[in-house]
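Given next are the chains, with one letter for each unit.
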Amino acid sequence: GVGDSGMPETLEEGSILVAHDLAPSDTACLDVHKVSAMLLDKGGKTSHTAILARSLGIPAVVGLQNVTASIQSGDTVLVDGDSGEVTVNPSKDECSAFKERLDAQSRKKGQLSLLKDLPSVTKDGRKVELAANIGGANEIDMVNDAGAEGIGLFRTEFMFIQVTEMLTEEEQFRVYKKVLSELSPRPVVIRTLDAGSDKELPYLNMPKEDNPFLGLRAIRLCLQEKERAFRPQLRALLRASVYGKLRIMFPMIASLQELREAKAELLSVKAELDAERISVSEDLQVGIMVEVPSAAICSDELASECDFFSIGTNDLTQYTLAVDYTMACDRGNAAISYLSDYFYPSVLRLIARTIEEGHKQGIWVGMCGEMAGSPAAIPVLIGMGIDELSMATGAIPQAKAIIRGMDTGKAKEIWERVKGMSSNKEIRAYLDGLVAEQQ
Ligand code: PEP
Ligand code: MG
């Protein structure tokens, strides 16, 4: 029943999608009312297909290698997206045990939802802003339901991968205006186009690259494609800025030169709008993703020329440890999957350095990579002094409970202990142990 789009045409409610791989653009089109879960042979936890599934609230288990060979159409399947456990044609007992766990989970969800309107502060009163990662305006209800205090990452490229030609300035303006006005007065961090890598835009006709993760992606692509991509997006963003609290964020900044070039373009677009008598908000911040190791290393210099940092641990981990995160779970690359972990001391040191250097220059430092929503990571990030955490909406209620139960002094002690550890396994075991103690 696969149609021209490559997606099954006859999905019923409660369907579980089993596939060799799904492009982020296919995932973005899934009907969340029909797809209860998805299972893929390929992919890694921080690949964009997995990220999209997480933000749509679809449980997913990826990197299964041969799941397409083990499941037939019509099989009954239990999927636990938290543990990555998949049971094919379960027994009655397995079904009822699973049902009990589902019930317990929904009771816990109910308890956490009581925190929805409470502020995200530690026991001793330190504010840690809790924000949401989104891929489109259709997620605003989920953001509000989760009790998010803002949007810390709007991945605009997800809008661009769902269409067959470049979005116009006007089309983009309407989306940004909607998100900003509906969130107002809460802040919204909108990231400029992070295309390339596993988020291809075929209509840009870019030359094929052997290693697109190290190639022309994100800000590099935008600075190359100023007229087709960067300037129309900047115009749309600046025009929309008057409808809310906009923070513009540039992805994959690797050097001060790139930041300066991107800011120069923004200034030139602003001058163009001024000349057209189109107003732009005075309360606008411009920041960068810190996700390339060189940006973390030079965070002192970069902090003096922008208003905020948001640490992207997905890319920061893959580039620090030199392991492509979409490949780390593939059959041929299972041998390197051990390197795909943000708890390596090298990654933690870069994060701590970025926060420290940002604070020295008086700017706020957030995190929007997957690490930000990890219950094991949150205490150590508070200990390092993080100001904001942005994550998939589904992770927000639990993160709020952790923050509200944490004391800054204790968090600093945790970070001090972690600093003395030399392996990611030791760090993970210690932090997982702390989570288990809380439960
Ligand atoms: C990151 O790299 O951590 C990040 C948030 O950006 P993306 O996952 O979209 O590359
Ligand atoms: Mg990234």
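Numbers given to residues run from 1 along each chain, matching the order in which its sequence is written. Here the convention is simple: chains get letters from A, ligands get numbers from 1, in the order in which they are written. At least 70 in pLDDT is required for a residue's local features to be given in this predicted model, at least 80 for side-chain atom pairs to be given and counted, and no such filter applies to totals for whole chains, interfaces and linings, which use all residues. Here the side-chain values reflect all heavy atoms present in the structure, with hydrogen atoms and water set aside.

Glancing now at the sheet that holds strand β3 (residues 60–61). On the basis of which strands lie adjacent, the open sheet formed by 3 strands has the order β1-β2-β3 and parallel pairing. At either margin of the open sheet sits one strand with a lone partner, and together these are β1 (15–19) and β3. For two strands to be treated as a pair, DSSP must find no fewer than two bridges joining them. The secondary structure listing takes helices from DSSP runs of H or I that are at least 4 residues long and strands from runs of E that are at least 2 residues long, numbered from the N terminus. Taken together, the 5 bridges between β1 and strand β2 (residues 35–40) define a ladder with parallel strand orientation. Bridge assignment links L17 to a residue of β2, and that residue is M38.

To continue, consider the coordination of the magnesium ion (ligand 2). Distances define the donors: N, O and S atoms within 2.8 Å of the metal qualify, as do those within 3.2 Å of Na, K or Ca. Water is excluded, so some sites may look unfinished. Coordination of the magnesium ion (ligand 2) by the protein involves E291 (OE) and D315 (OD), with metal-donor separations of 2.0 Å. Residue E291 is found in the loop between β10 (285–290) and α11 (293–297), and its partner D315 is found in helix α13 (residues 313–320); the two are separated by 24 residues along the sequence. Given a relative accessible area of 4%, D315 falls into the buried group. We call a residue buried when its accessible area falls under 20% of the maximum for its residue type, exposed when it is over 50%, and partly exposed in between, using a 1.4 Å probe and counting protein chains only.

The nearness test applies per residue and asks whether one of its heavy atoms lies within 4 Å of the molecule or strand. The local shell around ligand 1 holds 17 residues, among which R155, R191, G312, N314 and D315 are the closest. Here a polar contact is recorded for every N or O atom pair within 3.5 Å, except that within protein the pair must consist of a potential hydrogen donor and a potential acceptor, and residues adjacent in sequence are included only if both atoms are side-chain atoms. Residue G312 places a main-chain N or O atom 3.4 Å away from an oxygen atom belonging to ligand 1. Computed by Shrake-Rupley with a 1.4 Å probe, the accessible areas treat only the displayed protein chains as cover when residues are assessed. Burial of ligand 1 by the protein chains amounts to 100% of its free accessible area of 290 Å². Here the element with the most residues in the shell around ligand 1 is α13; it accounts for 3 residues. Classifying every residue of the shell around ligand 1 by side-chain character gives 5 nonpolar, 5 polar and 7 charged. All residues other than Ala, Val, Leu, Ile, Met, Phe, Trp, Tyr, Cys, Pro, Asp, Glu, Lys and Arg, Gly among them, are scored as polar; the first ten of these are nonpolar and the last four charged.

Attention now moves to the sheet that holds strand β13 (residues 388–391). An order of β6-β7-β8-β9-β10-β11-β12-β13 is seen for the 8 strands of this closed barrel, with the pairing classed as parallel. For this sheet the average axis-to-axis angle between neighbouring strands, irrespective of direction, equals 25°. Relative to β13, strand β12 (residues 364–367) is paired through 2 bridges, and the arrangement is parallel. Each bridged residue has a counterpart across the sheet, and for M367 the counterpart in β13 is L389. Axes, fitted as lines to C-alpha atoms, cover a helix only where it is in contact. Angles between the N-to-C directions of the axes lie from 0 to 180 degrees.

The criterion for an aromatic pair is that two Phe, Tyr or Trp rings (for Trp, the six-membered ring) have centres within 6.5 Å, with stacked assigned to planes under 30 degrees apart, edge-to-face to planes over 60 apart and tilted to the rest. Inspection of every chain in the model, using the stated rule, returns 5 aromatic pairs. Sitting above the plane of the F173 ring, R239 keeps its charged end 4.1 Å from the centroid. Here, a charge over a ring is recorded when the distance from Lys NZ or Arg CZ to the ring centre is within 6 Å and its angle to the ring normal is within 35 degrees.

Moving on, we come to the packing of helix α7 (residues 169–183) against helix α9 (residues 226–240). In the contact formed by α7 and α9, the axes pass within 8 Å of each other and the chain directions differ by 35°. Seen along the crossing, α7 lies across α9 with a hand that is right-handed. Residues E169, E170, Q172, F173, Y176, K177 and L180 of α7 form the contact with α9, whose own contacting residues are P232, Q233, R235, A236, L237, R239 and A240. In the contact of α7 with α9, the residues fall into 7 nonpolar, 2 polar and 5 charged. Handedness of a crossing follows from how the near helix is turned relative to the far one, being left-handed for an anticlockwise turn of less than a right angle and right-handed for a clockwise one. Every residue pair with non-hydrogen atoms within 4.5 Å of one another is taken to be in contact.

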